[in-house]
Amino acid sequence: MDFIKTNYVKLVQRMGPTIIHQIIDELYSKDVINLEEKDVIQCETVGTRAARSIINIMEQKGESACQLFVDCLRETDKFLYEDLLNGSVSAEQSEQNWQRMAQDLKRLYGSAYFQKFHPLGEDIDIIFDLETTFTDALFWKKDIRNQKRGNMTLSECLDKLRSPTAIEGGAGKGKTTLLKRIASLWASGGCQVLSKFKLVFFISLSSAQRGIYDTVCKQLLREPYTVDRNSFRKAVQDLSESVLFLLDGYDEFKPENCPEIEELIKHNFKFHNTVIVSTRTESVSNMRKCAEMIVEIGDLSEENSRLIIANILGPELSDDLLIQVRDSETMKELMKTPLFVVISCAIRLGDTSVIPRTQTVLFRTLYDLMISQTQYKMPRVALETVRESTDVCGDLALDGIFQHCFDFYLKKQLHSEHEEVLLKSGLLNMHTANRFNPVYRFFHKSFQEYVAGRRLHALLTSSKDSEVKRGQQYLSQIDNISDICNKFYHLLMCTCGSSKQAARMVFRHMATVKCHGRLLSAPVESDKPSGVVDCDQEQISQNMEELHKLEESNMESFVACALSFFAESLSNSELSSELESFFQDKRLHISSLSIPAHLSDFFSHLPNCLTALGLIELELFGEKHCPGIPNQTRKTYIPQQAVSLFFDWTHSLNSIAVYLNDFERLSKKDIEKVEKICCSAKSLRLHVTRSRGISGKLPEVLKRCKPNLKDLVIEETPLMLTDEQHIVLMQRLKTLSISNLQTERPEGGLMEGIQNLQNVKKLTLNNIKMTEEDAKHMAKGIKHLNNLTHLHLSKLEHIGNGLRFIAEAATSRARSLEELELVDCCLMEEAVAVLAQNVNNNRSLATLDLSENHLEGDARDSLDKLVDELGALSDLHTLMLPWGESVSGSLPKLLKYLEKLPALVKLGLQKWCLTDQDMELLAASVRSGCLRELQHLDLSGNCVGSAGWWAFVSGLGGLRKLRVLDLSCRDSMQPESRLVNELARRISELLALWKVVLLNWRLDGDDLRNLNKGNTAFGREFQLLVSPDTMEDEEVDEDFPRLRKTKGEHASDVTRRGGRLL
């Protein structure tokens, strides 16, 4: 007990969650604590509270229990125990320790053992030397949305290093070689940027075990090592940022094998060491939340691929391979990946006549060479034994992919003959160093995926019903779009590449998959509770649109996957019926920055699929996205490859959308190319974004697109008078949207000519400079738009009382208006009165959004008049109302009206000054069956306390379809515990709920844990949004670390990046 009392403060501060959980497990197994006490400690989400709890329980149990606690501490964290018992290691001794480690590490990194390695396993005699084979790669820096934001060299990347940094790359891009190269450069002293690091640890995460010290000793130093665990931790802690951890292969890492490394990555702010983690592209979402910097390894340049080929093959053989590469577009594409360069060289050593056309063919050729080697090495082995061995290997690989397993312990399970065949062929490699039981691995994860895909193909195309059924069972486990695009992408690609018959079955399966799977990067990261995110009010109003965009992005990736699988299958038109079924009404997105070579085959061989597509999007980019090339040397920024795809009379395209992004100038050649692309479809959507170069040249573009132009969207692009005049001449336009235009409206331009757009159905004006006089001109024009169904106006700050005239023009006579959005448009009582008066003329109205408008004076009368007339809108599904003085008095009348609207899905009563009594009225209305179809409810900015919210939340059970709920308060509020408990229960029950917003609720760690418990149990996607300044500092500092604002980053950017994730 003396030990605990003496070191009480240090124990509370230094026992982390991992150590505490290990100790309580040990104490529970020894019957020192019971189940209830164990649960009490584990429920403490703050580390210091958990430490106090376990110490207090031990002291109450007496001397023997305290001694057992100390014994467990000694076994679990010897460093902490010895540090508390004997005091810290001296500074002089600590320096000697890290200098000794640095010498040993540099000796290792400079040795042939580390510098030279077999990239394809030891049975294929190709050796890489880091000094001669490695070529510096180009890197792409990426933002939090995973968009590329400029390139950099290795030196620039190391110079701007932030911890943790995630190195992203596809299979075989050279991530491992890169990290080994960094370690080698540090050891040689040849890189000035790396000289600031005193220690550099290269760790393979796939074989990380126990703790950091154990892993380092096993992989890099020796066991036992002269520097003990206590001294090692002291040195690493003292050196802080001067220790660099190079962690390779997070996609193959099992956090439960080494929780300390997981903590080092995900909570790096606690360790202060510098961390670089490599991971495959499909797994980068696991790092996106915690990474301070994300960089992607770029494609291998032609020069670098030639250098690698020359280093491996020598002059004679390399010349022949380089000629093949020059003459084959497929080979050029494959040579952009280092692993495929090496495999091509290996194949070249065995067979000079093979020219692989796909990744699968490349792997299959290598696989066949490895098997043929076996027949020479083991001439007495029966072919049946070889076949059985390869089947065993395929099952091993396939089960490993589904179980996320890359290390296999098989000594007792593998028949000796099968083991010999697999090891002699090189299909498996056996690792025995520092191991009691050998570990079997494939030489590369992508090769395991190929072997698994080969086996899945064999099962699906087998003549045995039992094997076909087994193959179908594997496919049925891949039941959502996210898994197809990420976790099982390479498996399915290799399956499709193995035979057209297997590809047909995969495409049929994909056509049946409808579930999106996980959309949010936060839940993908691990199977932990969902996000608690800082946000601003502007974001909240967009959350349903945000979910829709995530689903669209997911579907976009799904289509891209199908195209990759089609290319891999080499099926040309043989699978046209299956692919047509898959592509029906889907959207294909093409970026001019990277047009895959296989798109040409898709357009050529599958015209039926082009017709089946609902929309083809083509994004074209200006000079901002073409760095390193002087503007004056470029005559055009639109690639010829894009023109070749679309400008073909044999194609029958229904609808295309062409995006012109960031064009600072637009040449005559570019305009001609736009015309050739745009004329290829029956219907054209043209989007112009941030393109000053189009200003003044828009008339020429519009003239060429006039025959099929149906939709025109212009964002953040200045318009001249001639531009506006030609816009209103596009009489076939169905949609016109103009956003972020803060120049004066010229006389004789858009507002005066809008009446010419007789066929326009959707008109959107967002954040444009418009005066009251402009509004009057626009109102005159709107009277002539007989086909108008959607009118969206927002952020018109200088319009004065002009909205009254527009409202009168849009609603004064009977028309088929379906959506009317007047958001943040200086809405006044006169305009509301006009809307109320004319409601009967617009009985087809489905959306009425008047949010973000403050009605001056006594707003209740005008709002009452509007509510009185809403009964005529039987199809209304979205109702967002303005706020003003005394509007809460209209609530009883509004609730009576809502009883007649069973189809309402979105309701907004923001800043209505609702009270506790009003919440009771609303809860009673919900209990009576009103609003049962509601999906989005915004009650933010009201004057409700705990009692009112509790009354309302108690009645939420009937809203089974609710997806978004905003209960933010106008003023800071301390919620009662019963309210938090009830809300947590409702979150668990309402399975459709996607987002809950609780701004200005003062919540602590216990509240957040409780609110997320239901989400954890059901494993669904969910976001809880809270204010950063209403969380108690103690909880925020330890369990919900604030997002650090980086240099040059605006505060609003930090907000958009999200904030806290449980």
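Residues numbered from 1 in each chain as written. Predicted model: local features only at pLDDT ≥ 70, side-chain atom pairs only at ≥ 80, totals over all residues. Heavy atoms only, no water.

Focus on the overall build of the protein chain
Which entries qualify depends on this criterion: A run of DSSP states H or I qualifies as a helix once it reaches four residues; a run of E qualifies as a strand once it reaches two. Both are numbered from the N-terminal end. Burial classes: relative accessible area under 20% of the type maximum marks a residue as buried, over 50% as exposed, and values in between as partly exposed (1.4 Å probe, protein chains only). Should any heavy atoms of two residues lie within 4.5 Å, those residues are considered in contact. Exposure was quantified through the Shrake-Rupley algorithm and a 1.4 Å probe, taking into account, for residues, occlusion by the shown protein chains and nothing else.
Scanning the protein chain from terminus to terminus reveals 48 helices and 31 strands. Burial status across the protein chain gives 55% buried among its 1062 residues. Taking as baseline every contact in the protein chain between residues at least 6 positions apart, the subset at least 24 positions apart corresponds to 79%. By element, 47% of the accessible surface of the protein chain is carried by carbon and sulfur atoms, the whole surface being about 45000 Å².

Observations concerning the nonpolar core
This is how the line gets drawn: For our purposes a nonpolar core is just a set of buried Ala, Val, Leu, Ile, Met, Phe, Trp, Tyr and Cys residues, chained together by side-chain atoms within 4.5 Å.
Judged by nonpolar contacts, the single largest core of 213 residues is most densely connected at F602, L879, L898, W949 and F952. The residues touching L879, leaving out its near neighbours within four places in the chain, are L848, L870, L894, Y897, L898, L904, K906, L907 and G908.

Some remarks on the pairing of strand β7 (residues 243–248)
If a strand is regular, its side chains alternate between the two faces of the sheet. Test applied: At least two DSSP bridges between two strands are needed for those strands to be called paired.
Counting buried residues along β7, six of its six residues qualify, which places the element largely inside the surrounding structure. By the alternation rule, side chains of β7 split into V243, F245 and L247 and L244, L246 and D248, which are all buried. Two elements, strand β6 (residues 199–204) and β7, share six bridges in a ladder whose sense is parallel. Residue pairing for β7: I203 is matched across the bridge by L247. Pairing of β7 with strand β8 (residues 274–280) involves four bridges; the strand directions are parallel. The residue of β8 that forms the bridge with L244 is T274.

Considerations on the packing of aromatic side chains
The cut-off we apply is this: Think of it this way: a Phe, Tyr or Trp ring, Trp meaning its six-membered ring, pairs with another when their centres are within 6.5 Å, and the plane angle makes it stacked under 30 degrees, edge-to-face over 60, tilted otherwise. A ring is considered to have a charge above it if a Lys NZ or an Arg CZ atom is located within 6 Å of its centre and within 35 degrees of its normal.
One pass over the full model with this rule turns up 23 aromatic pairs. Centroid distance Y109 to F114: 4.9 Å. Interplanar angle 50°. Geometry classified as tilted. Relative to F253, the ring of Y250 has its centre 5.7 Å away and its plane inclined at 50°; by these criteria the two rings are tilted. Comparing Y250 with F253, the two get one shared label, buried. Grouped by ring-pair contacts, the aromatic residues F558, F566, F582, F583, F602, F603 and F646 constitute a single cluster. The lysine or arginine in question, K180, covers the ring of F114, its NZ or CZ lying 4.6 Å from the ring centre.

Observations regarding unusual backbone geometry
Cis geometry marks the peptide bond from S163 to P164; its omega dihedral reads -5°. Mapped onto the elements of the fold, P164 is located in the loop between α10 (154–159) and β5 (165–169). Look at L570: it is not a glycine, yet its phi comes out positive at around 50°. As for its placement among the helices and strands, L570 is situated in the loop between α29 (543–569) and α30 (576–583). Exposure remark for L570: the relative accessible area of 30% places this residue in the partly exposed category. With a phi angle near 55°, K795 is a residue other than glycine that sits in the positive phi range. For K795, the position within the fold is in the loop between β20 (790–794) and α39 (803–811).

Some remarks on helix α44 (residues 946–954)
Taking burial as the measure, the nine residues of α44 include seven buried ones, the bulk of the element. Considered for burial, the residues of α44 that qualify are S946, G948, W949, A951, F952, V953 and S954. Those residues of α44 that are buried are in contact with α43 (916–927), β27 (936–938), β28 (964–966) and α45 (977–989).

Quick word on the environment of I401
For I401, the location among the structural elements is in helix α20 (residues 383–403). Residues I401 and A452, 51 residues apart in the sequence, show an inter-C-alpha distance of 7.4 Å. With residues near it in sequence (within four places) discarded, I401 still touches F406, Q448, E449, A452, F488 and L491.

Quick word on a negative patch on the surface
Condition: Residues forming no salt bridge and having over 30% relative accessible area are the ones grouped into patches, like charges within 9 Å of each other and nonpolar side chains (Val, Leu, Ile, Met, Phe, Trp, Tyr) within 5 Å. Here, a salt bridge means any side-chain nitrogen of Lys or Arg that lies within 4 Å of a carboxyl oxygen of Asp or Glu. Asp and Glu count as negative and Lys and Arg as positive, but His and the ends of the chain are not part of the count. Where a charge lies is defined by one atom per residue type: Lys uses NZ, Arg uses CZ, Asp uses CG and Glu uses CD.
Together, E829, E830, E856, D858, D861 and E885 line one region of the surface with negative charge. Those elements giving two or more residues to the negative patch turn out to be α40 (829–838) and β23 (854–858). Take D861: it is sitting in helix α41 (residues 860–869).

Here we look at the pairing of strand β16 (residues 681–689)
Put simply, the rule reads: Crossover handedness is defined by viewing with both strands directed away from the observer: a clockwise path from the first strand over the helix to the second marks the crossover as right-handed.
Within β16, seven of the nine residues are buried, leaving the element largely enclosed by the surrounding structure. In the sheet, strand β15 (residues 653–661) pairs with β16 via eight bridges, with the strands oriented parallel. Opposite S655, over in β16, you have S683 as the bridge partner. Running through helix α34 (residues 668–678), the crossover from β15 to the neighbouring parallel element β16 is right-handed. In this fold, β16 hands off to helix α35 (residues 698–705), which returns the chain to strand β17 (residues 709–715); that crossover is right-handed.

What about the packing of helix α25 (residues 489–498) against helix α26 (residues 500–512)?
Operational definition: Under this scheme, a helix contributes an axis fitted over its contacting stretch, all axes are lines through C-alpha atoms, and angles between N-to-C directions fall in the 0 to 180 degree range. Should an angle fall under 35 degrees it is taken as roughly parallel, and over 145 as roughly antiparallel, whereas 65 to 115 is taken as roughly perpendicular and any remaining angle as oblique. Under this grouping Gly is polar, as are all residues other than the nonpolar Ala, Val, Leu, Ile, Met, Phe, Trp, Tyr, Cys and Pro and the charged Asp, Glu, Lys and Arg.
At a closest axis distance of 5 Å, the pairing of α25 and α26 adopts a crossing angle of 135°. Put simply, α25 runs oblique to α26. Every residue of α26 that contacts α25 at L492, T495 and C496 is listed here: A502, A503 and V506. Taken together, the residues that form the contact of α25 with α26 break down as five nonpolar, one polar and no charged.

Some remarks on the confidence of the model for the protein chain
Detailed reading of the predicted coordinates is not advisable wherever pLDDT falls low. Heads up, the condition is: What pLDDT expresses is the predictor's confidence in each residue, scored from 0 to 100.
Of the residues in the protein chain, 85% have a pLDDT of 70 or more, and the chain-wide mean is 81. Note on residues 520–542: pLDDT under 50 across the span, and 73 contacts to partners over four residues away in sequence or across chains.

Thoughts on a positive patch on the surface
Taken together, K776, K780, K783 and R804 make up a surface patch of like positive charges. Structurally, R804 is set in helix α39.

Things to note about α40
The complete set of buried residues in α40 reads A831, V832, V834, L835, A836 and N838. Here the buried face of α40 lies against α39, β21 (819–823), β23 and α41.

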